[in-house]
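# Fold and geometry: a report
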Amino acid sequence: MQLQALNAFSDNYIWCATGTDGTALVVDPGEAAPVLAAADAGLRPSAILLTHHHHDHIGGVEELLQRWPQLRVFAPDDARIGTATDVVADGARFRAAGFELEVIAVPGHTSTHVAYFCAVPGGGALFSGDTLFSLGCGRLFEGSPLQMHQSLSRLAVLPASTRLYCGHEYTLSNAAFARVVEPENAALARRTQEAKHMRDNALPTLPSTLESELACNPFLRCGQPAVQTAVAGRLGRQPADEVEVFAELRRWKDGFSE
């Protein structure tokens, strides 16, 4: 699998995964221009994967279909996505651009959000949209803390070597919050330095790995004593369970400024 990150808007990534047959998956094309430019340089799209309905993830699809009417568009069952050719649901498995993909329902950011997991030699690839970010997670626009915590828990049990390809370049801003939650986390300090070096050199901080996220991302660490202690300090008492830890972390992050 060859992965190419196309920049869109101010901080979106459109991921393009090229398989052995030379054709590519295009993930969450919020605008068409970056994909069309990549095609002029040799990219051969054969399918589009959509994780959720937000415009910055689907806005370029109609224009891409004008160029390539035969493209299959895989998307969750959501009336707000009018370009889908193939509606997918949790647990579905399908083949596109030479890849075997599995659909994982991950409601929370939106009610119908899905992620796509592809098992490839050397570890899998996870296209997580706006559910799981490096060192963070998506805001809860349509789902509950319980739903999002359950969704993240489903992703957390994928192989540790899984590479994370999410929808936005948020790593450094997420790191600033994560370090307030866990200031003594050495793995997080190393990841922050690594990410800063990448951004200083105009490089994406992605992909991350699930192993790294489990060591650094507070939203995947709701059962860790240091995270629970930080949340208890906010609540003025011990949290009832991991869902309450997650809910308070998300509220805290929503109002956080560096």
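Heads up: the structure comes first, above all this text.
A brief report on the enclosed structure follows. From a predicted model like this one, the values you see are computed outputs, not experimental measurements.

### Section: the overall build of the chain
Helix and strand content of the chain: nine helices and 14 strands. Taken against the 2.2 N^0.38 rule, which gives 18 Å for 258 residues, the C-alpha radius of gyration of the chain at 18 Å falls within 12% of a compact globule. Counting the 258 residues in the chain, one finds 54% classified as buried. Pairs at least 24 apart in sequence give 59% of the contacts found in the chain among residues at least 6 apart. Counting only carbon and sulfur atoms, one obtains 49% of the accessible surface of the chain, whose full area is about 11,000 Å². Here the chain holds 20 positive side-chain charges and 29 negative ones, and the gap between their average locations is 4 Å.

### Topic: the pairing of strand 4 (residues 45-49)
In terms of burial, strand 4 is a largely internal element, four of the five residues being buried. Sheet topology places strand 3 (residues 24-27) next to strand 4; four bridges connect them, and they run parallel. Among the inter-strand pairings, Ala24 is bridged to a residue of strand 4, identified as Pro45. After leaving strand 3, the chain enters helix 1 (residues 33-40) and then returns to the sheet as strand 4, a path that is right-handed.

### Structural notes on helix 1
Of all the residues in helix 1, the buried ones are Pro34, Val35, Leu36, Ala38 and Ala39. Packed against the buried residues of helix 1 are strand 1 (2-8), strand 2 (12-18), strand 3, strand 4 and helix 3 (61-67).

### Side note on the sheet that holds strand 2
Here we have six strands laid out as an open sheet, ordered 1-2-3-4-5-6, and mixed in their pairing. Since the sheet does not close on itself, it has two edges, and those belong to strand 1 and strand 6 (86-88), each with one partner. Neighbour-to-neighbour, the strand axes of the sheet open up by a mean angle of 25 degrees, direction not taken into account.

### Remarks on the packing of aromatic side chains
Tallying each qualifying case throughout the model produces ten aromatic pairs. On the numbers, 4.9 Å between centres and 75 degrees between planes, the contact of Trp15 with Tyr165 is edge-to-face. Of this pair, Trp15 sits in strand 2 while Tyr165 sits in strand 13 (residues 163-166), and the two are 150 residues apart along the sequence. Judged by relative accessible area, Trp15 falls into the buried class, the value being 4%. Note on Tyr165: relative accessible area 5%, which makes it buried. Among the aromatic residues, ring-to-ring pairing joins Phe177, Phe219, Phe246, Trp252 and Phe256 into one connected group.

### Topic: the packing of helix 4 (residues 145-156) against helix 9 (residues 242-254)
Viewed as axis vectors pointing N to C, helix 4 and helix 9 meet at an angle of 105 degrees, and their least axial separation amounts to 9 Å. In terms of orientation, helix 4 and helix 9 fall into the roughly perpendicular class. Listed contacts from helix 9 to Pro145, Leu146, Met148, His149 and Leu152 of helix 4 are Glu242, Val243, Phe246 and Ala247. A per-class count over the contact of helix 4 with helix 9 returns seven nonpolar, one polar and one charged.

Cut-off values and rules
Residues numbered from 1 in each chain as written. Predicted model: local features only at pLDDT ≥ 70, side-chain atom pairs only at ≥ 80, totals over all residues. Heavy atoms only, no water. Helix = DSSP H or I, 4+ residues; strand = E, 2+ residues; numbered from the N terminus. Rg over C-alpha atoms; globule rule 2.2 N^0.38 Å. Buried < 20%, exposed > 50% of the residue type's maximum accessible area, 1.4 Å probe, protein only. Contact = heavy atoms within 4.5 Å. Areas by Shrake-Rupley, 256 points an atom, 1.4 Å probe, with all protein chains shown as cover. Lys, Arg positive; Asp, Glu negative; His and termini not counted. Charge placed at Lys NZ, Arg CZ, Asp CG, Glu CD. Pairing = 2+ DSSP bridges. Right-handed = clockwise from strand over helix to strand, strands pointing away. Axes fitted to C-alpha atoms, helices over the stretch in contact; angles between N-to-C directions. Phe/Tyr/Trp six-rings, centres within 6.5 Å; stacked < 30°, edge-to-face > 60°. Parallel < 35°, antiparallel > 145°, perpendicular 65-115°, else oblique. Nonpolar A, V, L, I, M, F, W, Y, C, P; charged D, E, K, R; others polar.

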